[in-house]
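Secondary and tertiary structure notes
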Amino acid sequence: MTVAEQTSRPGTPTFVDGHLVSSSPATGGEVGRIPVTDPDAVRSAVEKARAASAWWAALGYSGRRTRLLAWRALIVQRMDELADLMHRENGKPSDDAMLEVLITVHHLDWAAKKAAKVLGPRRVPSGLLAANIAASLEYAPLGVIGVIGPWNYPVFTPMGSIAYALAAGNAVVFKPSEYTPLIGQWLVDTFAEVVPEHPVFVGVYGGGETGAALTTSGVDKIAFTGSTATGKKIMAAAAQTLTPVLIECGGKDPLLVDADADLDAAADAAVWGGMSNGGQTCIGTERVYVHEAVYEPFLAKLTAAAKNVTPGEAPDALYGPATMPSQLDVIRRHVDDALARGGKAVVGGAESVSGPFVGPVVLTDVPEDSAAVQEETFGPTLTVSKVRDMDEAVERANGTSYGLGAAVFSKRRGVELARRIRSGMTAVNSVISFASVAALPFGGVGDSGFGRIHGEDGLREFTRPKAIARQRFALPLAIYSFTRTDSTNSLLARTMKTLYGKGAPKR
Ligand code: NAD
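Here the structure is a predicted model, which means the values were calculated and not measured. (Residues numbered from 1 in each chain as written. Predicted model: local features only at pLDDT ≥ 70, side-chain atom pairs only at ≥ 80, totals over all residues. Heavy atoms only, no water.)

1. A short note on the overall build of the protein chain
A count of helical and extended segments in the protein chain gives 16 helices and 19 strands. A globule of 507 residues ought to have a C-alpha radius of gyration of about 23 Å, and the protein chain, at 26 Å, matches this closely. On the principal axes, the C-alpha backbone points of the protein chain span a range of 85 × 65 × 40 Å. When the 507 residues of the protein chain are sorted by exposure, 54% land in the buried category. If you take every contact in the protein chain between residues at least 6 apart in sequence, the share linking residues at least 24 apart comes to 70%. (Helix = DSSP H or I, 4+ residues; strand = E, 2+ residues; numbered from the N terminus. Rg over C-alpha atoms; globule rule 2.2 N^0.38 Å. Buried < 20%, exposed > 50% of the residue type's maximum accessible area, 1.4 Å probe, protein only. Contact = heavy atoms within 4.5 Å.)

As C-alpha cells, this is what we get:
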C-alpha cells in the first residue's frame, strides 16, 4: 500500500495537491503540510549539495566545529518549540521528546569536538620494510550523504547519521519519514540559520518514492534507518551504482535476569525498556528471559509495575499513541497468535490493542517460535519466559534473526553474559544506556543491519581512509624497481627468514 492509498486511518500521512499532509497520530488533526520533492528535484538537491560539500569540507575541522556547536546551541534554545512539534507530529509526550533532544545534542557536541582527533592526519609506524617512508593516515569526507530516516525517534535517529556525517566534512540530503516530515524540516531550517552560505544540509520530502529517488540520485553513501524490509530494497537499488550503504534496521531486544539480579531494578528496566515510547523503540525490550530461581518474584514485580503504565494524549502522559497506525495490525497479530498458541496475558490482552493508544501487554508461556518472540512487534508488549540457567537465556536471546541491542541484569556475571549475546550493544544492569554514550558505536548484526553510527566508528563511517606514504630518502638498495639485483634479493630472503621464519612446526 502506498502512502497515497493509506487514507483511512487518522495519523496516516496523505498527499494533497503535491503536498505531504502530516497529521497527529493522537487526534488525526493536520499538523502541517510540505511540498513533495519529485525525483528531478531530489537529483537537483543532491547536485547543489555536492557543490556545497566542497565549501563545507574546505572549512576544515575547526570551521565546522564552530558552526555545528552554534547549531547545537540554537537547538537547545528552541527545544521547547521542537519538543512541542515532536509531541504534535509523532505523538510522544513532551518530556520524552525533551530527553530525545538532550541525547541528540550530546551526540552533536561530541561529533563536532572529536572529528579532528579521530579523522585528522596522523603518522603511523612505517615498519622495517619501509624505514625510509613517512606513513600517514587521514579520513577524507565522502561528499554527499543521503540520510533516510524513520518516525519513531525523528530527531535522535537521523541525527546519529546527520551530525556525524556533517562533522566528518560531508554535505547531507535528508529524507525524513513521511510520518514526521515537519520535524525533519525543523532540523534543516535551524541548520540553515547557522550555515546560511550554502545548502550543506537540505531536506527532500515525501514517501518511499522520494527515498528511492534519493538512493539512486548519485549520493556517495546512503545512511538508512528503518525496517529490515525497506533496508533490503535500498541495498538492492544501491547495488546498481555500487553506492555504499549503512543499514540500521529493527530489533527484537532481549533482557536477561540472572538469579542474583536486583529484581526491582530489572523489573523497572523491563517495563521502561518495553513500554516507553509505546514500545516503538528499535532498541526497546521485547523479550525477557528470567532465571527460574527468581521467575515468580520477578514476574510479580513486573506485572505490578506494568499495570501502572498508561498511555494518553496529554503532553505529560507516560507514552503516546501508535505513531504509524498500520503498526496496530502487527501488534494485534502478535498478541492474538501468542494467546491462540497457549500464551497467557498477565497484563492487558487482545483488548489492549485498539488504536490509537495501545495499553501495555505482558505475555507469558509464549512458544519460542511464535511471531511475538521472533518478529519485531514495535508495541508496548513484553514476552516473559522462564529459563533453567543463564546458558539457556543466552541461547534463546540469540535465537532470532535480529541482533541490535540487549540488556543483562546480573550482579556477578553481567559483562560475561553481555559478551555472549549476539548484538551490537548490550547494557548491563540498565537498559538502553549505551545510546547516550556518545563514544560507543551503535548498530546491529543480522536482520538489524550493519555499519555504525555514533562514536569513532560512526565518524569513520562517513569517510574514506586516505593513506599517504612519503619517501623521506632513497634506500641504497633498489627494491621497488627493475634495477633490483640478485644480492638484494638474497638479502631480502635472509631478512624474511630472520624476521618471520621462526616458530614453524618442526618437520
Ligand atoms: P520504514 O522502513 O517503513 O521507512 C523508513 C524510511 O524509508 C522512511 O523515510 C520511508 O519513507 C523510507 N522508504 C520506504 N520505502 C523506501 C524505498 N523503497 N527506498 C528508499 N526509502 C524508502 O521504517 P519506519 O516504519 O519508518 O521505521 C520503523 C523501523 O525502523 C523499525 O523497524 C525500527 O526498529 C527501525 N529503527 C531502527 C533504528 C536503528 O538504529 N537500528 C532506529 C530507529 C528505528
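2. Quick notes on the sheet that holds strand 18 (residues 449–450)
Pairing is mixed in the open sheet, where six strands are placed in the order 8-7-6-9-10-18. Looking at the sheet topology across the chains shown, the edges are occupied by strand 8 (201–203) and strand 18. Note that strand 7 (residues 171–175) and strand 8 share three bridges and pair parallel. By the bridge assignment, V172 is partnered in strand 8 with F201. (Pairing = 2+ DSSP bridges.)

3. Let's talk about the UniProt feature "domain: Aldehyde dehydrogenase" (unreviewed entry) in the protein chain
Look at the UniProt record and you will see "domain: Aldehyde dehydrogenase" (unreviewed entry) annotated at residues 22–468. For the annotated span residues 22–468, helix accounts for 42% and strand for 18% of the residues, and the straight-line distance between the end C-alpha atoms is 50 Å. (UniProt positions renumbered as here; feature names shortened; annotations may be inferred.)

4. Re the state of the cysteines
Here a disulfide denotes one covalent bond, and it connects the sulfur atoms of two cysteines. On inspection of all chains with the given rule, the structure shows zero disulfides. Cysteine C249 is unpaired, with the sulfur of C282 as its nearest cysteine sulfur at 10.0 Å. With relative accessibility at 5%, the residue C249 sits in the buried group. The exposure class assigned to C282 is buried, which follows from its relative accessible area of 15%. (Disulfide = S-S within 2.5 Å.)

5. Considerations on the sheet that holds strand 5 (residues 133–141)
Pairing is antiparallel across the open sheet formed by three strands, whose spatial order is 4-5-19. The open sheet terminates on both sides in strands that have one partner only, identified here as strand 4 (122–124) and strand 19 (463–471). Neighbouring strand axes in the sheet, compared pairwise and without regard to direction, differ in orientation by 35° on average. By the bridge criterion, three bridges tie strand 4 to strand 5 in an arrangement that is antiparallel. (Axes fitted to C-alpha atoms, helices over the stretch in contact; angles between N-to-C directions.)

6. Quick look at unusual backbone geometry
At the junction of G355 and P356, the peptide bond is cis and its omega measures out at 0° in the coordinates. By the element assignment, P356 lies in the loop between strand 13 (344–347) and strand 14 (361–364). Unlike most non-glycine residues, F378 shows phi in positive territory, near 60°. Tracing the backbone shows F378 in the loop between helix 12 (371–374) and strand 15 (381–387). For H454, which is not glycine, the phi torsion reads 70° and is therefore positive. Looking at the secondary structure, you find H454 in the loop between strand 18 and helix 15 (455–460).

7. Describing the site of the ligand
In the vicinity of the ligand lie 31 residues, with K175, E178, S227, T230 and E376 positioned nearest. Between the ligand and G226 there is a distance of 3.3 Å, counted from an oxygen atom to a backbone nitrogen or oxygen. About the coverage of the ligand: the protein hides 90% of its 850 Å² of free accessible area. According to the grid-proximity analysis, the pocket containing the ligand is the largest pocket. (Near = heavy atom within 4 Å. Polar contact = N/O pair within 3.5 Å; in protein donor to acceptor, adjacent residues only side chain to side chain. Areas by Shrake-Rupley, 256 points an atom, 1.4 Å probe, with all protein chains shown as cover. 1 Å grid on protein atoms, 1.4 Å probe; cavity = no way out; pocket = protein on both sides within 12 Å on 5 of 7 lines; lining within 4 Å. Sits in = over half its atoms within 2 Å of the grid points.)

8. Looking at helix 11 (residues 327–340)
Its 14 residues place the ends of helix 11 20 Å apart at the C-alpha level, agreeing with the 20 Å of an ideal helix rising 1.5 Å per residue. Burial in helix 11 covers these residues: Q327, L328, I331, H334, V335 and A338. Projected onto a plane normal to the axis of helix 11, the buried residues spread over an arc of 135° and lie on a single side. Looking one or two residues past helix 11, G342 carries a phi angle of roughly 100°, positive in sign. (Expected span 1.5 Å × (residues − 1). Arc of directions from axis to C-beta.)

9. Some thoughts on empty space enclosed by the protein
By the definition in use, this model includes seven cavities of 30 Å³ or more. Approximately 60 Å³ is the volume attributed to the largest cavity. Across the lining of the largest cavity, the residue classes break down as five nonpolar, five polar and four charged. (Points joined across faces, edges and corners; volume = space filled by probe spheres on them. Nonpolar A, V, L, I, M, F, W, Y, C, P; charged D, E, K, R; others polar.)

10. Quick word on the environment of A478
Residue placement: A478 occurs in the loop between strand 19 and helix 16 (486–500). When neighbours within four sequence positions are excluded, A478 is seen to be in contact with T483, R484 and T488.

11. Some points on the layout of surface pockets
What the largest pocket holds in volume is close to 1200 Å³. In this structure, the largest pocket is lined by 44 residues; those nearest its centre are F224, G226, S227, T230 and M324. For the lining of the largest pocket, the secondary-structure elements that each account for two or more residues are helix 7 (208–215), strand 9 (221–225), helix 8 (228–239) and helix 11. The biggest single contributor to the lining of the largest pocket is helix 8, with six residues. Along the lines of polarity and charge, the residues of the lining of the largest pocket split into 17 nonpolar, 19 polar and eight charged. Here the second largest pocket defines a volume of roughly 340 Å³. L99, I103, Y153, W272 and I432 are, among the 19 residues lining the second largest pocket, the residues nearest its centre.

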